[in-house]
Each structure stands twice: as structure tokens, then as C-alpha cells.
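Residue-level structure breakdown
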Amino acid sequence: MATKLLKKPLKLALIQLASGADKHANLSHARQKVLEASKAGANLVVLPECFNSPYGVKYFAKYSETLLPSPPTKEQSPSYHALSEMAKEAKAFLVGGSIPEYWEETKKYYNTNLTFGPDGKLLATHRKVHLFDIDIPGKITFRESDVLSPGNKVTIIDLPEYGRIAVAICYDVRFPELAMIAARKGAFLLLYPGAFNLTTGKLHWELQARARAMDNQVYVGLCSPARDMQAEYHAWGHSMVVDPNAEILGELEEKEDILYAELNGERIEEVRKGVPIYTQRRFDVYPDVSEGKVRYEE
Ligand SMILES: NC(=O)CC(=O)C(=O)O
């Protein structure tokens, strides 16, 4: 491999946060956990989907914040400012899970991730591209599209000194194209803040994480909220980090906790050398999904 995808070892922390109905309490709890992770040496910290509110269609509008034009004021988005300050205090990259966002101009809502650098500056915004609309009779029906609109790009983020990561949100993990585009554009790590549930979590959470890692020979991190059986939506938990060989490096149970993992570039090279699918693709037989009409942002 010509250049190392991950230039130096990185300590990743996934915070499986327990959140409730009080947004300000959630933000201050998140801050405490982000600082705990940074004291433990994490360079890159991740929060879960809808980390500052309950997860559910009826909560999106109530908890939504305005992010545009950027930067928003503190009144428009207390979460934007809290995340920026947390990243700065922690001196770490912070993938700020997701929050419900409201666009005043179009009156649309989104499920939106904000990622900040150690200087507190916004590095990227990802709006959930694939909305979670499912109907499994007798188990779970969920329709994000009743309220939310979808984002429209792949999000790839340069972490200075380390390399590139990609961020997408929960249901996005089920669409291998997104992961493959990011990996082929040089991401060493795919991160998904996500809240699977007791039906789909059991079936597909680990499988999705390991499949995306195996297909692309990159690290994958899934960061869930902690499970709260008093809440309406029961998150699966089990935040996990998978290595480029699809082996689980670490996995939490369902309660609040922090998962740490050490990532290094040599592991990616070793796996790709052993099973060289990276150089064996047959773009004369099928198209390269990362080429042509792809909407992405670095
Ligand atoms: N909550 C989600 O967006 C996705 C999910 O739970 C699933 O794919 O299953």
C-alpha cells in the first residue's frame, strides 16, 4: 500500500450514554463522560444517536435546534456550543452523535451529526441519509420520514495527523454503498452513532458492523445509547468496535459505559496484504461505486 491510511495510533472512545428527557442535564452528563474519556487518553470520542433527547418520532420537533446559518447562536443551538466546548476542553476530536435539526427556511427536520476538532471548530455535518422506516409486524414499526427529511451526501472527515474517517448515522449502516465509497476514498474508520432496538439489534447490529469492516477492511465503530426500559424506544446498546479483519475488538453490554479501542494503521495493511481484495476488484465486470456521480464532502 502506497500510503498509510492511519498515520499514527489512535485511541477511540465510544460513549454509550444514558440520556433522559432533560436536554440540559443530558448535555452536562455528556460533557462529564467526554472529559472522562479524554482523561483516559482518547483522541477521538463518539456520542450516540440522539444523545441529548429521547429517540422517537414524536420528540424530533420538540428537541430540534437550528444549525444554519453556521455557526448558530447559543439560543439556536445549545448542543452545537456544548459539543464545541467539550471537544476543546477534552482536546480531542468529537463525533457528536446526532441531534434533531430544524431548517427554518424550508421548515424541514433532519437527524444531524456535528463533528468537532480539538480546537472546538466544526469539521463536518452529516444528515442521516437513509431514514429509519420499517414495519415488522408484532415487533416494531418506526417511520422517521413522518417528520424527518433525508440528508444527501457521504461524509468523509480529515482528522489532521491521523487520516480520514467517515461518519453516518444508524440506519445508514445498512447501505453498504455508503461505507464502500468512504473506504475507497481512503477512510480508515467508519463511525455510526446508532440506536438499534431489541428486535433489529439482536439480529443485525453485530452483523452490520462486521460486514462493513470485512467488505472494506477498515475499522468500524457503532455507538449506541444505553438501554432504558422506562423509555418508549429500547435501544440495543452493545456499542462495539470491529477491526479490519471483522474481529470484535470490544463490545459493551446494555448499560452506560465507555468502550476504548486502540487503532493502528499496520493492522489495516496486514489484513489487506493477507486477503488482497483491495487490488483484486474487477471494475471491468461491475462499476466502482466510489466513482462517477457520488455526492460526498471531505
Ligand atoms: N434506528 C435506526 O436508525 C436503525 C435501526 O434501528 C435498524 O436499522 O434496525
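Residues numbered from 1 in each chain as written. Predicted model: local features only at pLDDT ≥ 70, side-chain atom pairs only at ≥ 80, totals over all residues. Heavy atoms only, no water.

If you check an unreviewed UniProt entry, the protein chain appears there as Omega-amidase nit3 from Recurvomyces mirabilis. Regarding the protein chain, the relevant UniProt record gives this comment under Sequence similarities (unreviewed entry): "Belongs to the carbon-nitrogen hydrolase superfamily. NIT1/NIT2 family." (UniProt positions renumbered as here; feature names shortened; annotations may be inferred.)

Moving on: the nonpolar core. Val154, Ala182, Leu190, Tyr192, Val220 and Leu222 are the most contacted members of the largest nonpolar core, which has 27 residues in total. Among residues more than four places away in sequence, those in contact with Tyr192 are Ala168, Ile169, Cys170, Asp172, Val173, Ala179, Arg212, Val220, Gly221, Leu222 and Cys223. (Core = buried A, V, L, I, M, F, W, Y, C linked by side-chain atoms within 4.5 Å. Buried < 20%, exposed > 50% of the residue type's maximum accessible area, 1.4 Å probe, protein only. Contact = heavy atoms within 4.5 Å.)

Turning our attention to the pairing of strand β12 (residues 219–223). The buried count for β12 comes to 5 of 5 residues, which makes it a mostly enclosed element. Across 5 bridges, strand β11 (residues 187–193) lies against β12 in parallel orientation. Bridging from a neighbouring strand, Leu190 pairs with Val220 of β12. What joins β11 to β12 is helix α5 (residues 200–216), and the crossover it makes is right-handed. With 3 bridges joining them, β12 and strand β13 (residues 240–242) adopt antiparallel strand pairing. Counted as the bridge partner of Leu222 is Met240 from β13. (Helix = DSSP H or I, 4+ residues; strand = E, 2+ residues; numbered from the N terminus. Pairing = 2+ DSSP bridges. Right-handed = clockwise from strand over helix to strand, strands pointing away.)

A few words on unusual backbone geometry. Geometrically, the link from Leu68 to Pro69 is a cis peptide bond, its omega value of -5° lying close to zero. Positionally, Pro69 belongs in the loop between α2 (60–63) and α3 (78–90). Across the junction of Ser70 and Pro71, the peptide omega takes the value 0°, indicating a cis bond. Mapped onto the secondary structure, Pro71 falls in the loop between α2 and α3. The phi dihedral of Lys107 is positive, around 60°, even though this residue is not glycine. Among the structural elements, Lys107 can be located in the loop between β4 (99–103) and β5 (108–116). Residue Lys107 is classed as exposed on the basis of its relative accessible area, which comes to 58%. For Cys170, which is not glycine, the phi dihedral falls at a positive 40°. Its location among the elements puts Cys170 in the loop between β10 (163–167) and α4 (176–184).

Here we take up the state of the cysteines. This model, assessed by the stated rule, comprises 0 disulfides. Cys223 takes part in no disulfide bond, and the closest cysteine sulfur to it belongs to Cys170, at a distance of 11 Å. (Disulfide = S-S within 2.5 Å.)

The tally for this structure, following the rule as stated, stands at 14 aromatic pairs. Both rings, one in Trp103 and one in Tyr110, keep their centres 4.8 Å apart while their planes meet at 45°; by these two values the pair is tilted. Trp103 sits in the partly exposed class, given a relative accessible area of 25%. Ring plane angle 65° and centroid distance 5.1 Å describe the contact between Phe196 and Trp205, whose orientation is recorded as edge-to-face. Among the aromatic side chains, those forming a connected cluster through ring pairs are Tyr55, Phe60, Phe132, Phe142, Tyr171, Phe175 and Tyr233. Sitting above the plane of the Tyr260 ring, Lys11 keeps its charged end 5.0 Å from the centroid. For Arg281, the ring lying beneath its charged end belongs to Tyr278, and the centroid distance is 5.4 Å. (Phe/Tyr/Trp six-rings, centres within 6.5 Å; stacked < 30°, edge-to-face > 60°. Lys NZ or Arg CZ within 6 Å of the ring centre and 35° of its normal.)

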